[in-house]
Amino acid sequence: MAELGQKTLLRLTDEKPLIIAHRGFSDEAPENTMAAFHKAISAKVHMIEFDVRLSADNEFVIFHDRKLERTSEGKGLVKRLAAEELARIDNGSWFSSRFSRERIPLLRDVLTLTKHGTAGAIALNIEIKPDVESANGTPVEAMLVEVLVKARALHHVMITSFNHKMIKRVKHLNHEIATGIIYNPITNFRRSPSQLAAAARAEFFICSKYQVNHDVVNDVHENGLKIFVYGISSERDTGRMLRLGVDGIISNNPALVKRAIEMYRNE
Ligand code: G3P
Ligand code: MG
């Protein structure tokens, strides 16, 4: 895949819908692990979505929850442990003993894996969790942009968050980075998708399958934005997304989504 960048990423969605592996191919491997990312790459997805947090020593690590318990053998808050301590935790046995060697990935490692020439420059949707703060007072958005610049990854990533202020700050720091806001029905319900995206200067609006309808898609497209929808888990869901004309489908099972798209197209 060629370099993405904000403009190219927008153009890429012309081949819609993009297929995005949610937390990697997380139906087949433990979420947010290298195993799940490799499986997503083998399934030839367009993009991999994953969640980032900071360790106690300010290293970006890939992990969904604030606490370690649900998806690892560790205990307590991710942010209380240094990267070296997090790296020792078994991050796969909770899913299956076959994955007991999985560890908590570092963002740096995934940026290397997905760089052009290694896994073939796959696009990444980096979701920064809304409560992430750095331990040393440096704004977390600045730290993230710096990591991406150093890894020369600006052109194959997009940054998303439920925290729209973070997204606005990312764009302020570097306007080349593609960004997206994730819809929060509790705090965002008063404003339209395009109003929310404009307030954060984002190009992408992301919501769940329960929040999308024709009005949402029309509002997004009439304002020159793109929409990705998550929670797609069946052929039926996929068919509905095709009829709605969304730009990206985020799924734990991207292979199922791919098959369903082919099936509907051949009908
Ligand atoms: O980006 C879509 C989705 O990942 C947002 O929710 O909780 O799965 O990170 P969550
Ligand atoms: Mg996520």
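Residues numbered from 1 in each chain as written. Chains lettered and ligands numbered in written order. Predicted model: local features only at pLDDT ≥ 70, side-chain atom pairs only at ≥ 80, totals over all residues. Heavy atoms only, no water.

## Details of the pairing of strand E8 (residues 226-230)
Where burial is concerned, most of E8 is hidden: four out of the five residues are buried. With five bridges joining them, strand E7 (residues 204-208) and E8 adopt parallel strand pairing. From the neighbouring strand, Ser-208 faces E8, where its bridge partner is Tyr-230. Chirality of the crossover, the property in question, places the unit of E7, helix H8 (residues 214-222) and E8 among those that are right-handed. Where E8 meets strand E9 (residues 248-251), three bridges bridge the pair, whose relative direction is parallel. (Buried < 20%, exposed > 50% of the residue type's maximum accessible area, 1.4 Å probe, protein only. Helix = DSSP H or I, 4+ residues; strand = E, 2+ residues; numbered from the N terminus. Pairing = 2+ DSSP bridges. Right-handed = clockwise from strand over helix to strand, strands pointing away.)

## Quick look at the side chain of Asp-219
Relative to the helices and strands, Asp-219 resides in helix H8. Arg-191 is the oppositely charged side chain nearest to the buried, salt-bridge-free Asp-219, at an N-O distance of 11 Å. Looking at Asp-219, its side chain comes within polar contact range of the side chain of Ser-194, at 2.8 Å. Apart from residues lying up to four places away in sequence, Asp-219 is in contact with Ser-192, Pro-193 and Ser-194. (Lys, Arg positive; Asp, Glu negative; His and termini not counted. Salt bridge = Lys/Arg side-chain N within 4 Å of Asp/Glu carboxyl O. Polar contact = N/O pair within 3.5 Å; in protein donor to acceptor, adjacent residues only side chain to side chain. Contact = heavy atoms within 4.5 Å.)

## With respect to the nonpolar core
Buried together is how nonpolar side chains tend to be arranged in soluble globular proteins. Counting 61 residues, the largest nonpolar core has Phe-50, Ile-126, Leu-148, Val-212 and Ile-227 as the members making the most contacts within it. The dominant element in this core, judged by the number of residues it contributes, is helix H5 (residues 140-150), at five residues. Every residue in contact with Ile-126, bar those within four places of it in the chain, is listed here: Phe-50, Val-52, Leu-107, Leu-111, Leu-148, Val-157, Met-158, Ile-159 and Thr-160. Counting eleven residues, the second-largest nonpolar core is a separate cluster that includes Leu-18, Ala-123, Phe-204 and Phe-228. (Core = buried A, V, L, I, M, F, W, Y, C linked by side-chain atoms within 4.5 Å.)

## A look at the pairing of strand E1 (residues 18-22)
With five of its five residues buried, E1 lies for the most part within the structure. Residues Leu-18, Ile-20 and His-22 of E1 are buried on one face, and the alternating residues Ile-19 and Ala-21, pointing to the opposite face, are buried as well. In this structure, E1 lies alongside strand E2 (residues 47-54), joined through three bridges in parallel fashion. Within E2, the position partnered with Ala-21 by the bridge is Ile-48. Between the parallel elements E1 and E2, the chain passes through helix H2 (residues 34-42) in a crossover that is right-handed.

## Regarding the coordination of the magnesium ion (ligand 2)
Donor atoms from the polypeptide that coordinate the magnesium ion (ligand 2) comprise Glu-49 (OE), Asp-51 (OD) and Glu-127 (OE), at 2.0 to 2.2 Å from the metal. For Glu-127, a relative accessible area of 5% puts it in the buried group. (Donors = N, O, S within 2.8 Å, 3.2 Å for Na, K, Ca; no water.)

## Section: the site of ligand 1
Around ligand 1, the neighbouring residues are His-22, Arg-23, Glu-49, Asp-51, His-64, Glu-127, Lys-129, Phe-162, Ile-182 and Tyr-230. The separation between an oxygen atom of ligand 1 and a polar side-chain atom of Asp-51 is 3.1 Å. Glu-127 has a polar side-chain atom sitting 2.8 Å from an oxygen atom of ligand 1. Computed on the free molecule, ligand 1 has an accessible area of 290 Å², of which 91% lies beneath the protein chains in the complex. Residue composition of the shell around ligand 1, by class: three nonpolar, two polar and five charged. (Near = heavy atom within 4 Å. Areas by Shrake-Rupley, 256 points an atom, 1.4 Å probe, with all protein chains shown as cover. Nonpolar A, V, L, I, M, F, W, Y, C, P; charged D, E, K, R; others polar.)

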